[in-house]
Every structure is written in structure tokens, then in C-alpha cells.
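So you can see what is in the structure, the chains are spelled out below.
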Amino acid sequence: MVSPRTWRNLRRELRGSALAKIGIVLVLAIILVAVFAPFLAPYDPYQQDLGNSQVPPLGFSTTENETRSEMVNGSIEVVEEEVTVNATLAHPLGTDALGRDMLSRTIYGARTSLLVGVFGTMLAVLIGVTVGLTAGYYGGRVDDGLMRMSDIMLAFPSLVLAIALIGLFGGVTIRIPDPFVVLGLAPEMPPNIVLPGTVVLVVALVNWVWFARVARGEALSLRNEEYVKAARALGASDGSIVARHILPNSITPILVLATIQVAAIILLESSLSYLGFSGANLSWGLDIAQGRDYLASAWWIASIPGVAIVFAVIGVNLVGDWLRDALDPGIEGEGGV
Amino acid sequence: MSFARFIIKRSLQGIFVVWGVVTVVFLLRFSTPGDPITFIAPLDASPELRQRIAEELGLNQPLYVQYFDYLTGLLTGDMGYSYISGTEAATRIFARVPATVELAVAATVVAIVISIPLGVISATRRHEPADYAATTFSLAGISTPNFWLGIMLVLVFAVQLNFLPTSRRPVGIVQAVEVLVLSGNYAGIVLWLQHITLPAITLGTYFTALVTRLTRSGMLDELGKSYVDAARAKGLPETLVRYKHALRNTLIPVITVLGLQLGTLIGGAVITEAVFAWPGLGTLVINSINTRDWPLIQGCLIVIGSSFVFVNIAVDALYAYVNPQVVYD
């Protein structure tokens, strides 16, 4: 499926592009952080310590006895801060309003984003490629029906549809035992990885259409190729023709689109979590929402998880650009919130 | 096919898609868990009371009757009544439209005003610091979640610098202009500008970044073509070559992508509204979902979906009109 020529193109493109290298480093870093979170995080990300709340990150301290007036809902309120809080090495990125360690939460947050990004994309590929190949291979009425259906899906802006679906179905989460904790390697860490199941389903439901369109285009262009006709003449079934001849030849554009969609889905997940719809209790988007209320006293709670999202998405986008430039499947990047 | 027939054909397809949207939105209510009556009735309501509420709202009718009633209602502009407040859903929804349109238009203006010059500068000064700055900005711009950007802008410009308000929309542009025209008082315009600046930048940044990228790569393509060499060879000033010839051809694909990204703009508006408590369709749809106020949810989704469909048709028409090479199919 991946020919030597493809590998050569990938390597050549990588050598010439500093951005592609940065992208790969960022993506690898995020993957490693997500996988080895129990060893990298200094604390249990859920563990509260109210005596140590709103500790600033290293290099900062919250100013003492500062009073200032602030507009709140049109009236002036006096905000007073009485204690000096200094940064501490124990919490390099500070703590949130409940005294939870920001570094640990940011590290564990990578798991949520990555799991939703990868599983959501895989499910979207599965649905989209099945629909698209069926529509493109059979053509005619099947094609018309499936494509009108995808038009209707496209009439809903993806975030709006996602909010509607998840808001109505509720945020169901799936608990997967953390292998490192089960094996006793990191006993003090949370025992389960919480996968926001509805979010995965919903992001796949709003994104499969892009894969269906690309797969359909490929199937349409391939179904009249000589080798497909030959296979049909030899009596191969439709299923085996699609699986053995059409699918392998459509892999490249689907792979490139999938990479770009991982970035879009990470952004979508963070938006859903920000709005409080995801059901997960550990996510970068959720932490940003919680930090929103503490902007005046603890700017880092909302700021740090956002930086993590930006790095993750830039990394995936750069890898996507690299694949697109190297493999040149002739599709435009689409995605984002 | 002529232009007129193309428009008619696309509009008919659009109506079909809108009918699909209405049907999907209608069915959504029956496929989601939770009986709406439990959200409307008091917790200790008797079965008789629940029955009466169901009858009053027509919820005891068979599905196809409810569907038919809903469709005929929609044709006369009736979207039912809010379960929570009892007000007309259509009135509530259309009262929110100006705020969202205002925000979307402001964001688009921000995006176009910044991105096209930036893309041109980037392309004409390739591999110079200005190009690297523009490329970095656009990469960051398409990778930043806009709700976070909005919060960071609030942190810097409202909380730290105390320079702009954090949220809300005290006045709409229409009222502000009315006051200006009638009494010559521009305070309303100033107030409007103060409140829309941060939301418009928040929503506009993704598009600014996207269009900068597109303009840059489009300009690079066009500047490498032979008609540009020909224009230069016959002695046209470089400014004319760049802006009259190359940029014009670059803008055609930019329009298409902007049309395709309209859904992203509307989705972005929803979350931007949530960050800034902006009283548009986005905050209305989120609140209605939280309270399971079905007539409002359905109405909002239908308004958003159908305006999206028809604006897309308008973009297609504009594109076909601007670009004589388009083949109508």
C-alpha cells in the first residue's frame, strides 16, 4: 500500500522542510506525554488541595494587598487580594482554584484530546469510507441517495450539530483501566482513563461526510480502470473488488484528510468540553472554562491548557501539511473551529 | 445551461436539502432520551396534569400528525411556542438573528481587511522576515481554538488593561446608527465598537489566518504564470501587475473557500457568543438545549441550517458570475 516511491517522497519533503520536522517532534511529544502520563505527572490530576489553591506558575507571584475596581455587569466592584502567593517548585505550572496541580492536569489532558482525536477520526473514516466507496462504486441511485444525505449533513455547521447531538444525548463516558496503574507501576495515579464516548461518536457523526466525499471521488475514478474491469471479468465479487483494488488505491488522500481531521477534532473536542457538554471531567477545554471565572486572580488556569491545545493542533497540522505536500493527493485542507 | 437555469436548479436542490434539515431536526426530538414533559411539568405534577400538558402541546398525537402540523406551521412562519417561557419561538429566534449577523459580518470584514494585504505581502516578499511573520501568524491562527483566544483577549484587554468591556452587547448597530442619524450623538456607535471589537477579532482570526494562507499560495501560483511576465514585459508598473492582474485571479478560489467555510463561521459564532455572552442565535441554541426547549432548538437549527444552505447557493452564484470559466452542471 505504501510504495517505495511514496517513502522517497516523504523523506525528500521532510529533509527540505523545517516545519515538517517541528510538526513530527510536537506530535511525538504529545503522544509520549499522553501514553506515559502516569509517570510524568507529579500528582494525581484529580487530587484537590484547597490550602494550596491558585498557586501561580514558576516565575510569577500574585501581588499582595492589591485593590482595584472592576466593571462587573455594568456596576463597579472593588476586588481585594490579601495574600501573597509565591510560586513553588512543587507546582511548576501552578494550581487551579481547587488546588489541583496544573502540570498534572495538562499532562493528563493530552490523553483526552488524543483519544478523542484518534478514535473520533477512525470512526469517521470507517463510516465515511464505507458510504463513499459504496456510493462511488455503484453510482446511480445509490450514489444520488447517499450524496443527498451528505448534503443534508453538510447543511449543519459541524459545531452546531455536535452541540445539538451531545447536548441532547448527554455526555456518556467510558472508563478504561489505566494499564500502568493496573500493573502497579504508578499506584497513586487515577485507576481509569476516562474516554468521553458520546464525544467520540458525535465528532465522527459530524465529520464522516468529508471522508465519504473523498472516497466517493476515488471510487468513481477507479471503477472503470482496466484492472477493475479485469477483476470483474474474472468473476470477483463487488466486495472483494472494493477491498482489494479500490480501497488500497484510495488510501493516500484518506490518510492526508484523516491527519487534518485529527486536528479539527481536537479543536472540536475542546470546544465541546469548554461548553460543558462532553461529560469528561479532565480535558483542556474544561480547564479553560473553569479558569474563565478566575481571570482576574489566576490567569494561568485558563491560559496553560490553551497553550497545550495550540501546540498539539499546530503539530498535527504541520504533519498534515507535510503529508499533503509529499503525497499530493489533490485535496484542500479543511477543518478547524 | 444558462445562468438563470443554474440558479433555479440550485435553489430547488436547496429547498430539498432544507426539507431534509427540517425532517432530521424534527426526528431528533423523538430519538433523544428524555420526555420533554418532565422538563416542563413541576417535579410533583400528577399524571393528569402531565396528560393535560401533553394534550395542550399536541405531544399526544401520532408522530406523522405532529410532523404534518409542524411542516404546515413552518410554511406560515409558525415554529410553535417556547416550552419554558410560552412566547412565540419564531419571534424569539428572529430577535436574535441581528446580533449573530452583526458578529459574523464584523468578523468577515476583519478577516478580509487584514488577510488579503498580508497574503500579498507574504507572497511578494517570499523568504523575507515579513513572509515568515505572516506564515507563522497564519499557522497559529488556524490552530488556536477561538474560545481560548477570546478569553486571552479578555484577559489582556479587559482584565489587565481595562481598555475594553469583557462581554455583552448593550446596543445593536442599527439602533446606534439610528441615534446617530436622528440626534447626531455618536456615543452609541462608540459603545457598539467597544463591545464588538473583541468578539469580532476572536471569530475573525481563524478566517484571517486561512485567507492569508490561501492568498499567499494563490499569489505565488499566479505570479509564476506567463501572463504576469507578459504584463511586466510590456512595461506595466509592478503595482498594477500585482493588484490588477495577479490578485484578481487569486481571489476567485478564495471566494470559493470562504463559501465552503461558512459553516465554520457559524459554528465559531456559536462559541464566540458563549464566551462573550453575546445575545445571538448561538447562546439561544445552547440555552435551549440545556432546558430541552424543543420548539426553540428546532427553530434555531432550521434557521441556521437553511440560511447556511441558501448563502452557499448565493456564493455559488456569485462565483459563477465572477468567473466566466465556470461550467454549470
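These numbers were taken from a predicted model, which means no experiment stands behind them.

So, how was this worked out
- Residues numbered from 1 in each chain as written.
- Chains lettered and ligands numbered in written order.
- Predicted model: local features only at pLDDT ≥ 70, side-chain atom pairs only at ≥ 80, totals over all residues.
- Heavy atoms only, no water.
- Domains from an automatic or database assignment.
- Contact = heavy atoms within 4.5 Å.
- Buried area = accessible area lost by both parts, 1.4 Å probe.
- Salt bridge = Lys/Arg side-chain N within 4 Å of Asp/Glu carboxyl O.
- Polar contact = N/O pair within 3.5 Å; in protein donor to acceptor, adjacent residues only side chain to side chain.
- Nonpolar A, V, L, I, M, F, W, Y, C, P; charged D, E, K, R; others polar.
- UniProt positions renumbered as here; feature names shortened; annotations may be inferred.
- Helix = DSSP H or I, 4+ residues; strand = E, 2+ residues; numbered from the N terminus.
- Patch = residues over 30% accessible without salt bridge, like charges linked within 9 Å, V, L, I, M, F, W, Y side chains within 5 Å.
- Areas by Shrake-Rupley, 256 points an atom, 1.4 Å probe, with all protein chains shown as cover.
- Buried < 20%, exposed > 50% of the residue type's maximum accessible area, 1.4 Å probe, protein only.
- Core = buried A, V, L, I, M, F, W, Y, C linked by side-chain atoms within 4.5 Å.
- Pairing = 2+ DSSP bridges.

Caption draft 1: The domain arrangement of chain A, seen in detail. All names here are of chain A. Once the domains are mapped, chain A shows domain 1 (4–55 + 92–327) and domain 2 (62–90). Contacts between domain 1 and domain 2 engage eight residues on the former and ten residues on the latter. Of the roughly 580 Å² buried between domain 1 and domain 2, counting both surfaces, carbon and sulfur atoms make up 55%. When the area that domain 1 buries against domain 2 is broken down by residue, the three leading residues are V55, P92 and A296, summing to 61%. Put simply, domain 1 and domain 2 have zero salt bridges between them. Seen at the junction of domain 1 and domain 2, the total is one residue pair in polar contact (both at pLDDT 80 or more). Among the residues forming the side of domain 1 that touches domain 2, the class breakdown is five nonpolar, two polar and one charged.

Caption draft 2: Region of the structure containing the UniProt feature "domain: ABC transmembrane type-1" (unreviewed entry) in chain B. UniProt marks residues 97–319 of chain B with the feature "domain: ABC transmembrane type-1" (unreviewed entry), using the numbering shown here. The span residues 97–319 of chain B is 85% helical and 0% strand by assignment, and the distance between its end C-alpha atoms comes to 26 Å.

Caption draft 3: Region of interest: a nonpolar patch on the surface. Residue and element names in this part refer to chain A. Where nonpolar side chains cluster on the molecular surface, the patch consists of L28, I31, L32, V35, F36, F39, L40, L183 and L185 and spans about 830 Å² of accessible area. Listed by contribution, the elements that provide at least two residues to the nonpolar patch are α2 (18–35) and α3 (37–40). At four residues, α2 tops the list of elements feeding residues into the nonpolar patch. Tracing the chain through its elements places V35 in helix α2. By relative accessible area, which is 38% here, V35 ends up partly exposed.

Caption draft 4: Spatial organisation of the nonpolar core. Core analysis: the largest hydrophobic core is formed by 137 residues, its most contacted members being A:I163, A:L272, A:Y274 and B:L301. With 14 residues, helix α9 (residues 187–223) of chain B is the largest single contributor of residues to this core. Beyond its immediate sequence surroundings of up to four residues, A:L272 is in contact with A:L159, A:A162, A:I163, A:I166, A:V199, A:V203, A:F277 and A:S278. By size, the runner-up hydrophobic cluster in this structure holds 25 residues, among which are A:V131, A:L146, A:V228 and A:A231.

Caption draft 5: The UniProt feature "transmembrane region" (unreviewed entry) in chain A, seen in detail. All names here are of chain A. The feature "transmembrane region" (unreviewed entry), as given by UniProt, occupies residues 20–41, 114–140, 152–173, 193–211, 254–277 and 297–319 in the numbering adopted here. Overall, residues 152–173 shows 68% helix and 5% strand. The separation of its end C-alpha atoms is 28 Å. A distance of 29 Å separates the end C-alpha atoms of residues 193–211, which is 79% helix and 21% strand.

Caption draft 6: Layout of the pairing of strand β6 (residues 192–196) of chain A. Residues and elements named next belong to chain A. The element β6 is largely enclosed, with a buried count of four among its five residues. Pairing between strand β5 (residues 173–177) and β6: five bridges, direction antiparallel. Directly across from T173, in β6, lies its bridge partner P196.

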